[in-house]
Each structure stands twice: as C-alpha cells, then as structure tokens.
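Chain by chain, the residues run as shown.
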Amino acid sequence: MYEYGARLGQEARGLKALQQQARCYLAALNVLRLVSPQYAWVVKSLPTAAAKDVEMLDGDMEGSGGPPVKPLEKKVEVLDLKDIEKEYLLLHAKLKLLQKEADAITHISGKPMSAAETITLLCNVGLFDLAIQISKAFGLPLTPIFETLTSWCMRLSQSSSYSIAQDDALTAAAWDWLDSNETGSQQSAKELTSAEQAWRLLQRYLATYREAADSRYHRCVATRLLALGLTLPTWLVGAYKVVNAPELLRLYIDFDLLLPAAYLAMEYIDAVLGSGKEHFGLKVALHATTPAVWLPYTELDKLLVLLKAVQMEPTYAKLYQDIHAKLNGYFETLQRVSIDMIRTKLQVANTNI
C-alpha cells in the first residue's frame, strides 16, 4: 500500500489522487503498527535512469569497440514507521491547504514540497498548530512560525475594527484561521476580539514551546515588535524577564528605549539582592551561603553612558542617579557578603584542623 501511495504521488495529480494517497499511507501505517518493531519497515525504490535509456545506450555501444556498459544498479531506501509518518504528515498538510485554498490544487499537488516549504504555506493561511507539528517532527526551529504569527497579531491590533459583531475583512478572516488552532482560552464573561484571541495564541505558544534557558522565541517576538516601534505586551515582558532578563535589557538598549531599560535594570538589581527574585527566574539571591549570582555589567555600563548623555532631561537625570544609587548599594552588599563568605570558609577550615 505504501508503494502504491508513493506512485500516486509521483504520477497522479488532483485532489482525489491526494486523498487516495493519504488512505494508502494510513493503511500502511496501521499495518506497521501491528507488527513487531523489528519488522516495521518498508523498502522504497529510489529514482534511477529508465531501463529504456539503458537499452538504447547498450545498442549505441555495441560494435563500437568501447568498454562494456555497466548496468545501473537499482538503489533502495529502507523506511521505518517514523519516516512514513513524516510523509503522511506532509500529505495531510497538503490536504489542509487545499481546504483553505482550493485554487492552489495545481501548485500544491503538482510537485513534492519540503517540510520548510510546507511550513511556510501553512503559516500563510494561519494553520500554525499543524506547522508546529511538522516542525517538531522534522526537527526544524519554530522561528518562522513565531515571526508570522507576531505579524498577524500586529495587523489585527492595528485594524480599525474591534467589534465582535462588525469585524472588517481582515478580522473576519482571522476568525477562520483562529478556529483552526487551539487557542487554549477559557470561556469568559467578556467576549474577546480576534486580535485578543491571536495574542492569546501567541502567548500559549511561547509558554508551551519554551525550552529551559532558551529565549530565542521570546527574542524573535520582541525584536519584531520593537522594530516596528510597538510596546511589548505586559505578559511578554513578564515571561521574558523570567527566561532571560539581561537579554531583554540588551534589546531595550539596542532600540534606544531608555525608560523601560532603566526600570528593568533597577528591578533586576533589587531581584539579585533578594526583592522579587521570583519575577526574574532567580532561585537564590546574593548571600554568603548561596550560589553566586551576577549582574549584566556590560549592559548596565552601556545604559549609564546613554543616560548620562541625555542628563539634560530631568527624567533621565533622575534615572541615572537612581541606578547609580542601586549599584552602590549592591556593591556594598557584595563586599559584606564576600567578607562573610571568607570568614565562613576560614571557620570551616579551622574546624577541620
């Protein structure tokens, strides 16, 4: 059944051929799941030169006195269950794309598409859940998905209509692709606009697919928003602070956002000293008996230089002084903690003697 489905994909065109190919792949997957894992594989023939071409080449060489023609070897590939599941996933994506854009039947069914091409097309029609599923199956980064979804969120937020009953063409179309994804929003007394639903979807993706100590998707979303001069949502700032606050501070500085950068810097200094450390993902604060913590000195130095350059503005002058005062307090605490740590180690060493 798998070979029959593969030949359909190479030789047949159209929606019915794709549907029949999907049924063949499903039948093959069901059979392979029933057998022992050591036998759950199929052999796939790789494309080679046509036998007719080989025969013509043999005829041309006969009597020419040239070297004998070595017949082409037939190459095969062994596919296991996961390989066939990947092929079926791409085929399933094609069928979903045709449900969204029936006019694209010739382009979609006319040639095989790579996983990256399929993900791009899925993002263009708002099938983000399926795009993430394919990215995970093929080990691809989710960055293009987050970039596209962020752009859609911005467009919806900037749309002139925020009414549920009278959405414009853009927001009305958004409800269609939002229904195709699991937003994870609970039923609330307040009805949500399409823009709010889109932002909730983005928030859920960031929370679900965040890996430990990996802020690349937060950086991707924040960079796209800041590049267009938009303010970061409160929930994004809160999540980013937990994952990688120094990187968020660096982004603010790179985009010349001195006010949020200054407030973030002071909050982070307080967190290192023990006030609100849970909001920054810090397990411990500065103490003689706990593991070491650190401050992003490079970013703080850059921020102080920038604030000093605009001290003619009273707001920036006060922020410059406040950060300096916070740092002085931090260094005093650091000196005291260092002395306490040395004394503790000396006492332990004397006790062991």
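Computed from a predicted model, the values in this text were never measured in an experiment.

Q: Whenever I open this one, unusual backbone geometry confuses me. Can you help?
A: Negative phi characterises most residues that are not glycine, and trans characterises most peptide bonds. Phi is positive for Asp256, which is not a glycine, with a value near 55 degrees. Along the chain, Asp256 turns up in the loop between helix H12 (234-254) and helix H13 (258-272). The class of Asp256 is exposed, set by a relative accessible area of 56%.

Q: What am I meant to see in a nonpolar patch on the surface here?
A: Residues Val31, Leu34, Val35, Tyr39, Trp41, Val43, Val76 and Val78 make up a contiguous nonpolar surface patch of about 810 Å² in total accessible area. Among the elements of the structure, helix H2 (15-34), strand E1 (41-45) and strand E2 (76-80) are those that each provide at least two residues to the nonpolar patch. As for its placement among the helices and strands, Val43 is situated in strand E1.

Q: Explain the environment of Glu267 to me, please; I cannot follow it from the model alone.
A: Topologically, Glu267 is positioned in helix H13. Distance in space between the C-alpha atoms of Glu267 and Phe280 is 9.0 Å, their sequence separation being 13 residues. Sequence-distant contacts of Glu267, defined by excluding residues within four places in its chain, comprise Lys241 and Phe280. Separated by 3.1 Å, the side chains of Glu267 and Lys241 make a polar contact.

Q: Before we go on, may I ask you to explain the packing of aromatic side chains in this structure?
A: The relation between two aromatic rings is expressed through the spacing of the ring centres and the mutual angle of the planes. Taken as a whole, this structure holds 10 aromatic pairs when the rule is applied. Centroid distance Phe146 to Tyr217: 4.8 Å. Interplanar angle 20 degrees. Geometry classified as stacked. Separated by 71 residues along the polypeptide, Phe146 in helix H8 (residues 143-158) and Tyr217 in helix H11 (residues 216-227) bring together distant segments of the chain. Of the two residues examined, Phe146 and Tyr217, each falls in the buried class. The aromatic ring of Phe138 is capped on one face by Lys86, whose charged end is 5.4 Å from the ring centroid.

Q: Help me understand H13 in this model?
A: An α-helical turn contains 3.6 residues, so any two residues separated by three or four positions project in the same direction. Spanning 15 residues, H13 covers 21 Å between terminal C-alpha atoms, matching the ideal 21 Å at 1.5 Å per step. By the burial criterion, the buried members of H13 are Leu258, Ala261, Ala262, Leu264, Ala265, Met266, Tyr268, Ile269, Ala271 and Val272. Within two residues after H13, Gly274 carries a phi angle of roughly 115 degrees, on the positive side.

Q: I tried to follow the packing of H13 against helix H14 (residues 297-309) on my own but got confused; where do I start?
A: Two numbers describe a pair of packed helices, the interaxial angle and the distance between the axes. Orientation of H13 relative to H14, taken along the N-to-C sense of each, is 135 degrees, at an axis distance of 11 Å. Comparing their axes, H14 and H13 come out oblique. Helix-helix and strand crossings are classified by hand; for H13 and H14 the assignment is left-handed. Here Leu258, Ala261, Ala262 and Ala265 of H13 lie close against H14, whose contacting residues are Leu300, Leu303, Leu306 and Leu307. Residue classes in the contact of H13 with H14 are distributed as 8 nonpolar, no polar and no charged.

Q: Looking at this structure, I do not really get the environment of Asp270. What am I missing?
A: Within the element layout of this structure, Asp270 appears in helix H13. Take Asp270: its relative accessible area is 23%, and that puts it in the partly exposed class. Residues Asp270 and Lys326, spaced 56 residues apart in sequence, show a C-alpha to C-alpha distance of 7.9 Å. Beyond its immediate sequence surroundings of up to four residues, Asp270 is in contact with Ser275 and Lys326.

Q: Would you mind showing me how to read the pattern of salt bridges here?
A: Between side chains of opposite charge, a pair can form when the charged atoms approach closely. Throughout the structure, instances matching the rule amount to 10 salt bridges. Lys326 is paired through a salt bridge with Asp270; the nearest N and O atoms lie 2.9 Å apart. Here Asp270 lies in helix H13 and Lys326 lies in helix H15 (residues 314-352), a separation of 56 residues in the sequence. The salt bridge partner of Lys318 is Asp322, with a shortest N-O separation of 3.0 Å. Of this pair, Lys318 and Asp322 both sit in helix H15, separated by 4 residues, roughly a single helical turn. A residue is classified by how much of its surface remains accessible, and Asp322, at 25% relative accessible area, is partly exposed.

Q: Is there a simple way to explain the side chain of Thr333 in this structure?
A: Structurally, Thr333 is set in helix H15. Classification of Thr333 as buried rests on a relative accessible area of 17%.

Q: For this particular structure, what's the right way to read H14?
A: Compared with the 18 Å implied by 1.5 Å per residue over 13 residues, the 18 Å span of H14 between its first and last C-alpha is a close match. If you check which residues of H14 are buried, you get Glu299, Leu300, Leu303, Leu304 and Leu307. Along the axis of H14, the buried residues cluster in a sector spanning 135 degrees; they form a single face. Along H14, the residues that are exposed and aim more than 90 degrees away from the buried face are Val305, Lys308 and Ala309.

Q: What's the story with the nonpolar core in this structure? I'm lost.
A: The nonpolar side chains of a soluble globular protein tend to be buried with one another. Judged by nonpolar contacts, the single largest core of 75 residues is most densely connected at Phe128, Ile134, Phe146, Trp177, Leu232 and Leu303. Among the elements that line this core, the one with the most residues is H13, at 10 residues. Setting aside residues no more than four positions away along its own chain, Phe128 makes contact with Cys123, Ile145, Thr148, Leu149, Trp152, Trp177, Asn181, Leu201 and Tyr205. In this structure, Ala6, Leu29, Ile84 and Leu91 belong to the second largest nonpolar core, which totals 15 residues.

How each quantity is defined
- Residues numbered from 1 in each chain as written.
- Predicted model: local features only at pLDDT ≥ 70, side-chain atom pairs only at ≥ 80, totals over all residues.
- Heavy atoms only, no water.
- Helix = DSSP H or I, 4+ residues; strand = E, 2+ residues; numbered from the N terminus.
- Buried < 20%, exposed > 50% of the residue type's maximum accessible area, 1.4 Å probe, protein only.
- Patch = residues over 30% accessible without salt bridge, like charges linked within 9 Å, V, L, I, M, F, W, Y side chains within 5 Å.
- Areas by Shrake-Rupley, 256 points an atom, 1.4 Å probe, with all protein chains shown as cover.
- Salt bridge = Lys/Arg side-chain N within 4 Å of Asp/Glu carboxyl O.
- Contact = heavy atoms within 4.5 Å.
- Polar contact = N/O pair within 3.5 Å; in protein donor to acceptor, adjacent residues only side chain to side chain.
- Phe/Tyr/Trp six-rings, centres within 6.5 Å; stacked < 30°, edge-to-face > 60°.
- Lys NZ or Arg CZ within 6 Å of the ring centre and 35° of its normal.
- Expected span 1.5 Å × (residues − 1).
- Axes fitted to C-alpha atoms, helices over the stretch in contact; angles between N-to-C directions.
- Parallel < 35°, antiparallel > 145°, perpendicular 65-115°, else oblique.
- Left-handed = near helix turned anticlockwise from the far one by under 90°.
- Nonpolar A, V, L, I, M, F, W, Y, C, P; charged D, E, K, R; others polar.
- Arc of directions from axis to C-beta.
- Core = buried A, V, L, I, M, F, W, Y, C linked by side-chain atoms within 4.5 Å.

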